[in-house]
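Here are the chains, one letter per residue:
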Amino acid sequence: DAGVIQSPRHEVTEMGQEVTLRCKPISGHNSLFWYRQTMMRGLELLIYFNNNVPIDDSGMPEDRFSAKMPNASFSTLKIQPSEPRDSAVYFCASRPGLAGVYEQFFGPGTRLTVL
Amino acid sequence: AQKITQTQPGMFVQEKEAVTLDCTYDTSDPSYGLFWYKQPSSGEMIFLIYQGSYDQQNATEGRYSLNFQKARKSANLVISASQLGDSAMYFCAMNKGGATNKLIFGTGTLLAVQP
């Protein structure tokens, strides 16, 4: 079975531009997570969804960030407008809703560079 | 508030020897989960092992074992018979028990396995 799929793998953009990161969770998983990894702050949870519904977005840094999950197989993280401090690796992860399965399965990440 | 502490920024180990990576945690919740993830230089996050707070025995997965000392709030990862491919960053993480999915990560330990 395919793992979590993220696109693009690398994104370079200029300050002020809109950036959209995409994620396809593992089929059958009902929880989806967006994380950000930077040298300064490490790995931080931005937002997570259960059954396509946003449950906790307290990690979203500011209003420039938004995330959607229109269906069980697709999610987006949008930054508008982007700033250089948004440069980071953004991970999407998913988790099945099965008793006894606790781990989150991570995608390969999107490396975002905002110039 | 929950917190994960990894005090070893970097570790060296000789190939075929065992190594222990330290992790301490802080939480007031009686139910929680502890995780270890591996991040090689390629960047992906790989799940290694899980320990539930009510589990009576220490978790083991192949060459990985988790030395869980609840009273000391420590969850050290032990890698036996180190291999060159074990060279990576290792992250300890925890979440609340029950339905809460939020993972909180430590700052990581960079392990270098020497031939």
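Up top you'll find the structure we're talking about.
The structure reproduced in this document is the subject of the present report. (Residues numbered from 1 in each chain as written. Chains lettered and ligands numbered in written order. Predicted model: local features only at pLDDT ≥ 70, side-chain atom pairs only at ≥ 80, totals over all residues. Heavy atoms only, no water.)

**With respect to the overall build of chain B**
Looking only at helices and strands, one finds 0 helices and 12 strands in chain B. Counting from the amino terminus, chain B carries its helices and strands in the arrangement β-β-β-β-β-β-β-β-β-β-β-β. For 115 residues, the compact-globule estimate of 2.2 N^0.38 gives 13 Å, and chain B sits close to it at 14 Å. In terms of overall dimensions, chain B has a C-alpha envelope of 40 × 25 × 20 Å along the principal axes. Each of the 115 residues in chain B was classed as buried or not, and the buried ones make up 46%. In chain B, the proportion of contacts linking residues at least 24 apart, taken out of those at least 6 apart, comes to 56%. Approximately 5,500 Å² of chain B is accessible, and the part contributed by carbon and sulfur atoms is 51%. Each charge class in chain B can be summarised by its mean position, and for the 9 positive and 9 negative side chains these summaries are 7 Å apart. (Helix = DSSP H or I, 4+ residues; strand = E, 2+ residues; numbered from the N terminus. Rg over C-alpha atoms; globule rule 2.2 N^0.38 Å. Buried < 20%, exposed > 50% of the residue type's maximum accessible area, 1.4 Å probe, protein only. Contact = heavy atoms within 4.5 Å. Areas by Shrake-Rupley, 256 points an atom, 1.4 Å probe, with all protein chains shown as cover. Lys, Arg positive; Asp, Glu negative; His and termini not counted. Charge placed at Lys NZ, Arg CZ, Asp CG, Glu CD.)

**Let's talk about unusual backbone geometry**
Of the consecutive residues Ser7 of chain A and Pro8 of chain A, the connecting peptide bond is found in the cis state with omega at -10°. Considering the arrangement of structural elements, one finds Pro8 of chain A in the loop between strand E1 (5–7) and strand E2 (10–13). At Asn51 of chain A, a residue that is not glycine, the phi angle is positive and equals roughly 50°. Overall, the relative accessible area of 51% leaves Asn51 of chain A in the exposed class. One non-glycine residue, Ala81 of chain B, adopts positive backbone phi at about 45°. With respect to the helices and strands, the residue Ala81 of chain B is situated in the loop between strand E9 (74–79) and strand E10 (88–96). The class for Ala81 of chain B is partly exposed, based on a relative accessible area of 38%.

**What about the sheet that holds strand E7 (residues 65–71) of chain A?**
All names here are of chain A. Pairing is antiparallel in the open sheet, where 4 strands are placed in the order E1-E3-E8-E7. Bordering the open sheet on either side are E1 and E7, each of which pairs with just one other strand. If you compare each strand with its neighbour and ignore which way they point, the axes differ by 15° on average. (Pairing = 2+ DSSP bridges. Axes fitted to C-alpha atoms, helices over the stretch in contact; angles between N-to-C directions.)

**Observations concerning the interface of chain B and chain A**
Contacts between chain B and chain A engage 13 residues on the former and 16 residues on the latter. Approximately 1,400 Å² of surface area, both sides summed, lies buried where chain B meets chain A, with 57% of it carried by carbon and sulfur atoms. On the surface where chain B and chain A come into contact, there are 1 salt bridge. The salt bridge involving Asp56 of chain A is made with Lys102 of chain B; its shortest N-O contact spans 3.1 Å. Between the two partners, chain B and chain A, sit 3 residue pairs in polar contact (both at pLDDT 80 or more). Secondary-structure elements contributing two or more residues to the side of chain B that touches chain A are strand E5 (32–39) and strand E6 (46–52) of chain B. Ranked by the residues each element gives to the side of chain B that touches chain A, the list is headed by E5 of chain B, at 3 residues. A breakdown of the residues in the side of chain B that touches chain A according to their chemical character gives 8 nonpolar, 4 polar and 1 charged. (Buried area = accessible area lost by both parts, 1.4 Å probe. Salt bridge = Lys/Arg side-chain N within 4 Å of Asp/Glu carboxyl O. Polar contact = N/O pair within 3.5 Å; in protein donor to acceptor, adjacent residues only side chain to side chain. Nonpolar A, V, L, I, M, F, W, Y, C, P; charged D, E, K, R; others polar.)

Coordinates in, geometry out; function isn't part of it.
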